[in-house]
Amino acid sequence: MNEQEDNLQVFDEKTEREYTYLTVAAKNVWQKESVSDLAKFVNNSVQANVTGGRQVISTLKGYDQLLNLVLDEAIEHLTDSDDPLKTSGQTRSLGLIVCKGGAVMLVAPEDGSDEISNPFV
């Protein structure tokens, strides 16, 4: 029997990750696969939002399956001290940084996103 025929693709809606269930030498093993395909953003400018409300615009240099990001020429947009959901207009240069995948909330192309007014306020 072909090994490919023994594999089962499963998508976990709770974690939003795809898993491959492999049968290898009578042992069943779960292998995680990344849902995100960031290869098209490498060496392009991206906006990364991380936990704590931080927004970083930088060049994506690399990533891994856990969504750890290597960002170059990073510029953080500082939040307003009175309202942490709004940016203050101030920035600070961070240079080359590594964002831990567990803290990454959003990765989007810089030129492909626009800020809109909140329809719920």
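The rules we used
Residues numbered from 1 in each chain as written. Predicted model: local features only at pLDDT ≥ 70, side-chain atom pairs only at ≥ 80, totals over all residues. Heavy atoms only, no water. UniProt positions renumbered as here; feature names shortened; annotations may be inferred. Helix = DSSP H or I, 4+ residues; strand = E, 2+ residues; numbered from the N terminus. Contact = heavy atoms within 4.5 Å. Polar contact = N/O pair within 3.5 Å; in protein donor to acceptor, adjacent residues only side chain to side chain. Core = buried A, V, L, I, M, F, W, Y, C linked by side-chain atoms within 4.5 Å. Buried < 20%, exposed > 50% of the residue type's maximum accessible area, 1.4 Å probe, protein only. Salt bridge = Lys/Arg side-chain N within 4 Å of Asp/Glu carboxyl O.

Per an unreviewed UniProt entry, the protein chain goes by Sm-like protein lsm7 and derives from Datura stramonium. Quoted verbatim from the Sequence similarities (unreviewed entry) field of the UniProt record, the comment on the protein chain reads "Belongs to the snRNP Sm proteins family." Quoted verbatim from the Subcellular location (unreviewed entry) field of UniProt, the annotation for the protein chain is "Nucleus".

Draft legend 1. Highlighting the environment of tyrosine 63. As for its placement among the helices and strands, tyrosine 63 is situated in strand β5 (residues 54-63). Taking C-alpha positions, tyrosine 63 is 9.4 Å from cysteine 99, a pair spaced 36 residues apart along the chain. Setting aside residues up to four positions removed in sequence, tyrosine 63 forms contacts with Asp37, Leu38, Ala39, Val42, Asn68 and Leu69. At 3.2 Å, the side chain of tyrosine 63 and the backbone nitrogen of alanine 39 are in polar contact.

Draft legend 2. Highlighting the nonpolar core. Of all hydrophobic cores here, the largest spans 15 residues; its most connected members are Leu38, Leu60, Leu69, Leu71, Cys99 and Val104. Every element with two or more residues in this core is listed here: β4 (45-50), β5, β6 (69-79), β7 (87-99) and β8 (104-109).

Draft legend 3. The pattern of salt bridges, seen in detail. By the definition in use, this model includes 2 salt bridges. One salt bridge in this structure joins arginine 54 and glutamate 76, with 3.5 Å as the shortest N-O distance. Separated by 22 residues along the polypeptide, arginine 54 in strand β5 and glutamate 76 in strand β6 bring together distant segments of the chain. With relative accessibility at 44%, the residue arginine 54 sits in the partly exposed group. Between arginine 92 and glutamate 76 there is a salt bridge, with its nearest N and O atoms 2.7 Å apart.

Draft legend 4. Local environment of the side chain of asparagine 49. Looking at the element boundaries, asparagine 49 is found in strand β4. You can call asparagine 49 buried: its relative accessible area is 17%. If we ignore the near neighbours within four places in the chain, the residues touching asparagine 49 are Arg54, Gln55, Ala103, Val104, Met105 and Leu106.

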